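Residue-level structure breakdown
The residues making up each chain are set out below.
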Amino acid sequence: MTSADDQLDDTAETSEATAAPRHPRETISFFGHAEAEQTLLNAYRSGHFPHAWLICGERGIGKATLAYRMARFVLAHPDPAAPAVQAAASLSIAPEHPVSRHVASQTHRDLLVLERTFNDKGKLRQDIAVEDVRRCLPFFGSTAGEGGWRIAIVDSVDELNPNGANALLKIVEEPPARALLLLVSHAAGRTLPTIRSRCRRLLLRPLSAADVAQAAAAALDTSSDDGDIQTAARVAEGSVARALLFLTGPALAIRRELTALLARLPELDAPALHNLGNRIAGTESAPLAAFMDTVNSWLSARLAGDAGDIRRAARVATAWETVNRAAWEAEIYNLDRRPLIFSVFGALAEIARR
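Summary of the structure given here. (Residues numbered from 1 in each chain as written. Predicted model: local features only at pLDDT ≥ 70, side-chain atom pairs only at ≥ 80, totals over all residues. Heavy atoms only, no water.)

Here the focus is the environment of Trp-149. With respect to the helices and strands, Trp-149 occurs in the loop between helix H7 (136–141) and strand E3 (150–155). Trp-149 gets classed as buried once you look at its relative accessible area, which sits at 8%. Linking Trp-149 and Pro-78, residues 71 residues apart in sequence, is a C-alpha distance of 6.8 Å. Not counting residues up to four positions away in its chain, the partners in contact with Trp-149 are Tyr-44, Phe-49, Val-74, Leu-75, Pro-78, Asp-110, Ala-144, Arg-178, Ala-179 and Leu-180. Of note is the side chain of Trp-149, whose polar atom sits 2.9 Å from the backbone oxygen of Pro-78. (Helix = DSSP H or I, 4+ residues; strand = E, 2+ residues; numbered from the N terminus. Buried < 20%, exposed > 50% of the residue type's maximum accessible area, 1.4 Å probe, protein only. Contact = heavy atoms within 4.5 Å. Polar contact = N/O pair within 3.5 Å; in protein donor to acceptor, adjacent residues only side chain to side chain.)

In the structure shown here, the tally under the stated rule is zero disulfides. Cys-56 carries a free sulfur, and the closest cysteine sulfur to it, the one in Cys-199, is 9.9 Å from it. (Disulfide = S-S within 2.5 Å.)

Before going further, it helps to examine the packing of aromatic side chains. One pass over the structure, following the stated rule, counts seven aromatic pairs. With a centroid separation of 5.2 Å and an interplanar angle of 75°, the aromatic rings of Tyr-44 and Phe-49 are classed as edge-to-face. Grouping residues by exposure puts Tyr-44 and Phe-49 together as buried. Residues Phe-139 and Phe-140 carry aromatic rings whose centres are separated by 5.0 Å and whose planes lie at 75° to one another, so their mutual orientation is edge-to-face. Note on accessibility: Phe-139 and Phe-140 belong to one class, buried. Connected via pairs of aromatic rings, a cluster forms that spans Tyr-44, Phe-49, Trp-53, Phe-73 and Trp-149. (Phe/Tyr/Trp six-rings, centres within 6.5 Å; stacked < 30°, edge-to-face > 60°.)

In this section: helix H14 (residues 270–280). Within an α-helix, residues lying three or four positions from one another point in the same direction, as the helix has 3.6 residues per turn. Residues of H14 that are buried: Ala-272, Leu-273, Leu-276, Gly-277 and Ile-280. One side of H14 holds all its buried residues, which, seen down the axis, span an arc of 140°. Gly-282, located one to two residues past H14, shows a positive phi value of around 115°. (Arc of directions from axis to C-beta.)

Another point: the pairing of E3. The buried count for E3 comes to six of six residues, which makes it a mostly enclosed element. With four bridges connecting them, strand E2 (residues 111–114) and E3 associate as parallel partners. Paired with Leu-111 across the strands is Ile-151, a residue of E3. One ladder, built from six bridges, connects E3 with strand E4 (residues 179–185); its direction is parallel. Pairing of Ile-153 across the sheet is with Leu-182, part of E4. (Pairing = 2+ DSSP bridges.)

Here it is as structure tokens:
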């Protein structure tokens, strides 16, 4: 049987996608989460709509897209009892609707988005700044526009530091009328328990390969029948973000090269590793993310194969923690990534020998 990784390696050379994927705030189409969408719609038109939702699930499966989709619907239809709401089959709002245009351009005065921002040096912060979280207080305290709804999207709540989480908790505990908080979480178990307990939890599952292909194609304004789209969808493990990572920039070529090197373990090809290191060197996050995503997939497969051997499984888990910590430090402290490649492959070779 041919694996998805094998199929990716066997794919003919392709021109890399140059179009930047659409941000969730710009994404109108939605795939694969009909049940979750219906849950939000039914709750809204029931008249008993929770003021805070924790939308959780793995990275890149559409959580933020659903949050923006819900925000647009509420802002466009502020009366839950309106006939249009009661008759709606989905949360879809047309892209030409004024609400859609304002949300996409980040100019809707009744929508506040909390996400990581860039510092004075132009580097993306590791946390959502507590100063940004505190903007919720005057935002929810000010007069809303027509309909009276004020909506905050936190993408993601996992990126709040303790001070930021406590600042958000004050809003979640005592929300004003017609306030809606949509909290995106990649790991709900790490969310502050007092926040979790005050939110309605909505779990999203990984998407099917067909849904990933459609969503990735929509994000890139291309056809889901494209060979690269189909291949990336097969190896993306239900994540649109992962598929897009494989389809943009040098990530697809890096994955091909890396998969071939992983298949040869425990043998190490020093010249090939040097070449791979040169591809990943620099400050761009996508090449390193593609490298670590592929390495983690390899480790995950080893861990599953060693599930019956506690000692071997423990060694794989230790290696997982070590290499991911090293990659994190390389990115945070802007270290030369080439030594990282050799240290990671050294650790993986040890696992492959046992």
